[in-house]
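The lines below spell out each chain.
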There are 2 protein chains.
Amino acid sequence: MDEFMQAAIAEARQGLAEGGIPIGSVIVHDGRIIGRGHNRRVQQGSAILHGEMDAFENAGRQPASVYREAVLYTTLSPCSMCSGAILLYGIRRVIVGENRTFMGEEELLRSRGVAVEVLQDESCIALMRDFIAARPELWNEDIGV
Amino acid sequence: MDEFMQAAIAEARQGLAEGGIPIGSVIVHDGRIIGRGHNRRVQQGSAILHGEMDAFENAGRQPASVYREAVLYTTLSPCSMCSGAILLYGIRRVIVGENRTFMGEEELLRSRGVAVEVLQDESCIALMRDFIAARPELWNEDIGV
């Protein structure tokens, strides 16, 4: 696994250590991480700071040309909100840790020309599987099931 | 116009008064505003706080059942990110001030069963038309054109 997915997993683990939902993300431009984040629903009572959104927020107001050349890494298949943010900013490549525990809007992304690669990484799967088993009510609240 | 779109317009005007992008939104449940907000790109340097996202953030961690029964009002047709948040939380009805200055993901929302009503309100159109004419670079950055 490359260093960027490792950084996304490190974000997810940090979120777990904070008592939060273990999903992490990094945004990479020109070989460098320009934004990183993790889900902050529990920590900040946030309805919108999923891991990917937190990474966008931390990347901040980048020129459109930067986001268009960026690659987004996320430990879990991106939900409709995060996929919408990916489309808004014209991100063209998304690397997904796994989509076994949750299948996001990968088809929508592909239909709009985004390259989506799914690693099915065992450590990403284990993080979510263990979390969902331990805190099902929190997961269902987050993803709105 | 009903009081809720008036509240969304008041949010948009507040954003303009702060030097920001004049788009506002409110989320209504059971006849009461549970979240209100406006675009905060300029004010907070935020890449994700569009008007609708700010309203979600201020509504906070509501039970899924609340969001499913809520109505979202927004002065401008919702972009892909905000539409994705609407889908994530299962909002079933969206009232849009106008879609003349920007057409968001209304077709995607309708294809997923969301009722989208567009008012083509002249005050909403004027707010955006005047803003885009005055600050085209800011608008293009925000919407990623």
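Keep in mind that what you see is a predicted model, and the values were worked out from it rather than measured.

## Quick word on the nonpolar core
So, point 1. Counting 72 residues, the largest nonpolar core has Phe56 of chain A together with Phe56 of chain B as its most contacted members.
So, point 2. Contact partners of phenylalanine 56 of chain A, with chain neighbours within four places excluded, come to Ile27, Tyr67, Leu72, Ala85, Ile86, Tyr89 and Ile91 of chain A together with Ala47 and Ile48 of chain B.

## Things to note about the interface of chain A and chain B
So, point 1. Contacts between the two partners involve 33 residues from chain A and, on the opposite side, 33 residues from chain B.
So, point 2. Regarding the contact of chain A and chain B, the summed buried area is about 2,700 Å², with carbon and sulfur atoms giving 54% of it.
So, point 3. The largest per-residue losses of area from chain A upon contact with chain B belong to Ile48, Arg61 and Leu88 of chain A, which jointly make up 27% of the total buried on that side.
So, point 4. Between the two partners, chain A and chain B, sit two salt bridges.
So, point 5. The closest approach of N and O atoms between glutamate 105 of chain B and arginine 112 of chain A, which form a salt bridge, is 2.8 Å.
So, point 6. The interface formed by chain A and chain B contains 20 residue pairs in polar contact (both at pLDDT 80 or more).
So, point 7. Sort the elements by how many residues they give to the side of chain A that touches chain B and helix 5 (residues 80–88) of chain A lands first, with six residues.

## Focus: the confidence of the model for chain A
So, point 1. With 97% of its residues at a pLDDT of 70 or more, chain A has an overall mean of 95.
So, point 2. In the predicted complex, the global pTM is 0.96; the interface-specific ipTM is 0.95.

Calculation notes
Residues numbered from 1 in each chain as written. Chains lettered and ligands numbered in written order. Predicted model: local features only at pLDDT ≥ 70, side-chain atom pairs only at ≥ 80, totals over all residues. Heavy atoms only, no water. Core = buried A, V, L, I, M, F, W, Y, C linked by side-chain atoms within 4.5 Å. Buried < 20%, exposed > 50% of the residue type's maximum accessible area, 1.4 Å probe, protein only. Contact = heavy atoms within 4.5 Å. Buried area = accessible area lost by both parts, 1.4 Å probe. Salt bridge = Lys/Arg side-chain N within 4 Å of Asp/Glu carboxyl O. Polar contact = N/O pair within 3.5 Å; in protein donor to acceptor, adjacent residues only side chain to side chain. Helix = DSSP H or I, 4+ residues; strand = E, 2+ residues; numbered from the N terminus. pLDDT = per-residue confidence, 0-100.

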